[in-house]
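What the coordinates show
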Amino acid sequence: MANSAMHRQVVQVQPESTAVGSGQWSTGLCECYKDVGDCCFALCCLPVFTCKVTSAVGACPCLPLLDCIGCVPPASLAMRASVRERYGIKGSVWSDCLYGCCCYPLSWLQISRELKRRAASHAASSSSSSVRYTALTSLQGAHLV
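Small disclaimer: the values here were computed from a predicted structure and weren't measured. (Residues numbered from 1 in each chain as written. Predicted model: local features only at pLDDT ≥ 70, side-chain atom pairs only at ≥ 80, totals over all residues. Heavy atoms only, no water.)

1. Looking at the nonpolar core
Selection rule: By convention a nonpolar core is built from buried Ala, Val, Leu, Ile, Met, Phe, Trp, Tyr and Cys residues, the set being connected through side-chain atoms within 4.5 Å. Burial status follows relative accessibility: with a 1.4 Å probe on protein chains alone, a residue under 20% of its type maximum counts as buried, one over 50% as exposed, and anything between as partly exposed. Think of it this way: any DSSP run of H or I at least four residues long counts as a helix, any run of E at least two long counts as a strand, and we number them from the N terminus. In this analysis, two residues are considered to be in contact whenever any of their non-hydrogen atoms come within 4.5 Å of each other.
Phe49, Val53, Val83, Trp108, Ile111 and Leu115 are the most contacted members of the largest nonpolar core, which has 18 residues in total. Elements supplying a minimum of two residues to this core: helix 1 (36-44), helix 2 (46-57), helix 3 (74-87) and helix 5 (104-125). Per-element tally for this core: the top contributor is helix 5, with five residues. Once you skip the residues sitting within four places of it in the chain, Val83 turns out to touch Trp25, Ile89, Ile111, Glu114 and Leu115.

Below, the structure written as structure tokens:
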């Protein structure tokens, strides 16, 4: 065998990961297949699903019921903005408003996935530290049902 047949390619640049904390949502708006259980739950009963997500964050579970009184859903807008702010996700109030108005169920599903992934990531990273994480640990590895 010639030496050229044994040529190995060296990777110079590591692939970028969509790791939690990258300033982006960990999943896209239309990536419902990454959590089929929640997708089915939201499809069957979206109002209950939104109340469960809101409750998991520690806000009043009835907050999403305000979304039906106006043309701009205030709870959806507030939840998206809150999650973005909490985790340093890039975006604006205009994008939150657009997703809340035009992609209401998909927006809530994305918020749910983000909360679960961040809780799981935080639990994994703090298992060796003494930091106590209380707000979302009940979401780790579970559906919001």
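2. Focus on the packing of aromatic side chains
Basically, it comes down to this: Only centres within 6.5 Å qualify two rings of Phe, Tyr or Trp (six-membered ring in Trp) as a pair; their planes then separate them into stacked at under 30 degrees, edge-to-face at over 60, and tilted for everything else.
For the structure shown, the criterion picks out two aromatic pairs. Centre to centre, the rings of Phe41 and Phe49 are 5.5 Å apart; their planes meet at 90°, and the pair counts as edge-to-face. Of the residues examined, Phe41 reaches a relative accessible area of 13% and is grouped as buried. Seen in terms of ring centroids, Tyr104 and Trp108 are 6.3 Å apart; in terms of plane orientation they differ by 65°. Their pairing is edge-to-face. With Tyr104 and Trp108 both in helix 5 and four residues apart, the pair spans about one turn of that helix.

3. Structural notes on the pattern of salt bridges
For clarity, the threshold we go by: For salt bridges, the criterion is a side-chain nitrogen of Lys or Arg within 4 Å of an Asp or Glu carboxyl oxygen.
This model, assessed by the stated rule, comprises six salt bridges. Two residues, Asp96 and Arg80, come together in a salt bridge whose shortest N-O distance is 3.6 Å. Linking Asp96 in helix 4 (residues 93-102) with Arg80 in helix 3, this pair joins segments that are 16 residues apart in sequence. Arg80 shares its class with Asp96; the two are buried. In this structure, Arg84 and Asp96 form a salt bridge, with 2.9 Å as the shortest nitrogen-oxygen distance. With Arg84 in helix 3 and Asp96 in helix 4, this pair connects stretches of sequence that are 12 residues apart. Residue Arg84 is classed as buried on the basis of its relative accessible area, which comes to 13%. On the accessibility criterion, Asp96 (0% relative accessible area) is buried. Among the charged side chains, a network of salt bridges with common partners joins Asp35, Asp38 and Lys116.

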